[in-house]
Amino acid sequence: MSLPSRKSRMQNVIAASPKRHGGLAVFLSLLAVISLLLAVGTGVAKQRVFNADYLVSELDQTDAGKQLAEVANAELTNVITDRGLPSSLAPQIVTTKAAQQDLDQTVRNLLAGTSQPVSVTHIVAHAKTKLTTALANQSALLADFGATNTVVNALTATLNARLTNELNVPQVTQAAQKVTTVKLIVTSVCWASTVLTVILLVILLFLGHNVFRFAKQLGWITLISGALIFVVHFGVSAAGIIESAAIAAKSFSTAAVAIGNAVLNSYALPSYILLGVGVLSLLFSLFGRKRRRN
């Protein structure tokens, strides 16, 4: 009986080597899926939720500025009538532009971790200018109230206090207290999970000793990750979770929904990319299998 050739024995050893690492490869692949999901999830959050420029640009496309202007004008009318002055002095003085500027600054202050993030500076400055002009020729009306500057300063100071108190809701206060810590955690998890994913993929490449086998593992890792992100994205959107959560924003619920959906939709592109990489990697691995058969 003839013994197996040396070449045949070497081929059997090479073929058997990956099988010894089969369980480890599966475990590392599962870890890679988890770490990749964390990297994508926190990465999108870092670039969207904690990106002031992005949030401000999205906020500017909503009706939040108009809503705040209406709130400010209603409050200014109350301030004026409480002082015994006619409400006709404040015919929609606060503009949407001034209100939008304060909203944008509030968002920036909030993400910067400012203890008092609410800004009404532009609204008050705009109201002060308009009231000064409106009262300039009302000397008879102001006879019992003092000089124009005194009256305007008193009105705008009250407006400042009332608006700040009205906008400084518990949700804003709580967010201001936690945003710095949450931002640090998200950034740390993003970098750690990204590095871990790369390390796991490198280990899988060396364990398999075969580019095509690694392509198959990479394909399943990215395909599963992309599919999970897509399912969660679609599920949250279909279930109306953002709309339900935005109810707490009251007058600004429409803006909250728009921004929430914009952030949610940011997860669509990464899921498509991962799905595409997964399909291409699996096709590439099939090409390698075909070559081995030939």
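What you are looking at is a predicted structure, and each value in this text was computed from that prediction instead of being measured.

A few points about the overall build of the chain
- Check the secondary structure of the chain and you find 12 helices and 0 strands.
- Counting every position in the chain, which comprises 294 residues, the buried fraction comes to 38%.
- Partitioning the intrachain contacts of the chain with sequence separation of at least 6 by distance along the chain shows that 80% fall at a separation of at least 24.
- Summed over its atoms, the accessible surface of the chain is roughly 16,900 Å², and 64% of this surface lies on carbon and sulfur atoms.

A word on the packing of aromatic side chains
- In this structure the tally under the stated criterion is 3 aromatic pairs.
- When the ring of F230 is compared with that of F234, the centres are 6.4 Å apart and the planes differ by 15°; the resulting orientation is stacked. Taken as a pair, F230 and F234 lie in helix α9 (residues 211-239) at a separation of 4 residues, close to a single helical turn.
- When its relative accessible area of 55% is taken as the criterion, F234 is described as exposed.
- Grouping aromatic residues by their ring pairs yields a cluster made of F230, F234 and Y272.
- Sitting over the ring of Y54, R48 keeps its end group 4.4 Å from the ring centre.

Concerning the nonpolar core
- Of all hydrophobic cores here, the largest spans 61 residues; its most connected members are L76 and I80.
- With sequence-adjacent residues up to four places away left out, I80 is seen in contact with L85, P86, S87, L89, A90, L131 and L155.

Some remarks on the environment of V172
- Among the structural elements, V172 can be located in helix α8 (residues 170-208).
- On the basis of relative accessible area, V172 is assigned to the buried category, the value being 19%.
- In this structure the C-alpha to C-alpha distance between V172 and Q116, which are 56 residues apart in sequence, comes to 9.1 Å.
- Sequence-distant contacts of V172, defined by excluding residues within four places in its chain, comprise L110, P117, V118 and L167.

As for the packing of α8 against α9
- One can describe the packing of α8 onto α9 by two numbers: an axis separation of 9 Å at closest approach and a directional angle of 145°. Relative to α9, the crossing made by α8 is right-handed. Taken together, the residues of α9 that come into contact with α8 (itself represented by L201, L204, L205 and G208) are R213, F214, Q217, L218 and I221.
- Grouping the constituent residues of the contact of α8 with α9 by class yields 6 nonpolar, 2 polar and 1 charged.

Concerning the packing of helix α5 (residues 96-111) against helix α6 (residues 121-135)
- Relative orientation of the contacting elements α5 and α6 amounts to 155°, with a least axis distance of 7 Å. Classified by the angle their axes make, α5 and α6 are roughly antiparallel. Of the residues in α6, those in contact with A98, A99, Q101 and D102 of α5 are T121, H122, I123 and H126.

Quick look at a nonpolar patch on the surface
- Among the surface-exposed residues, F230, V231, F234, L269, Y272, I273 and V277 lie close enough to one another that they form a single nonpolar patch of about 690 Å² accessible area.
- Broken down by secondary-structure element, the contributors of at least two residues to the nonpolar patch are α9 and α12 (268-293).
- Looking at the nonpolar patch element by element, the count peaks at 4 residues for α12.
- Turning to its location among the elements, Y272 is positioned in helix α12.
- Accessibility expressed as a relative area gives 47% for Y272, which makes it partly exposed.

Considering the pattern of salt bridges
- One pass over the structure, following the stated rule, counts 3 salt bridges.
- Where D53 meets R108, a salt bridge forms, and the shortest distance between an N and an O atom there is 2.9 Å. Here D53 is found in helix α3 (residues 52-59), whereas its partner R108 is found in helix α5, with 55 residues between them in sequence.
- In this structure, a network of salt bridges that share partners links the residues E75, D82 and R162.

Rules and cut-offs
Residues numbered from 1 in each chain as written. Predicted model: local features only at pLDDT ≥ 70, side-chain atom pairs only at ≥ 80, totals over all residues. Heavy atoms only, no water. Helix = DSSP H or I, 4+ residues; strand = E, 2+ residues; numbered from the N terminus. Buried < 20%, exposed > 50% of the residue type's maximum accessible area, 1.4 Å probe, protein only. Contact = heavy atoms within 4.5 Å. Areas by Shrake-Rupley, 256 points an atom, 1.4 Å probe, with all protein chains shown as cover. Phe/Tyr/Trp six-rings, centres within 6.5 Å; stacked < 30°, edge-to-face > 60°. Lys NZ or Arg CZ within 6 Å of the ring centre and 35° of its normal. Core = buried A, V, L, I, M, F, W, Y, C linked by side-chain atoms within 4.5 Å. Axes fitted to C-alpha atoms, helices over the stretch in contact; angles between N-to-C directions. Left-handed = near helix turned anticlockwise from the far one by under 90°. Nonpolar A, V, L, I, M, F, W, Y, C, P; charged D, E, K, R; others polar. Parallel < 35°, antiparallel > 145°, perpendicular 65-115°, else oblique. Patch = residues over 30% accessible without salt bridge, like charges linked within 9 Å, V, L, I, M, F, W, Y side chains within 5 Å. Salt bridge = Lys/Arg side-chain N within 4 Å of Asp/Glu carboxyl O.

These figures capture arrangement, not role.
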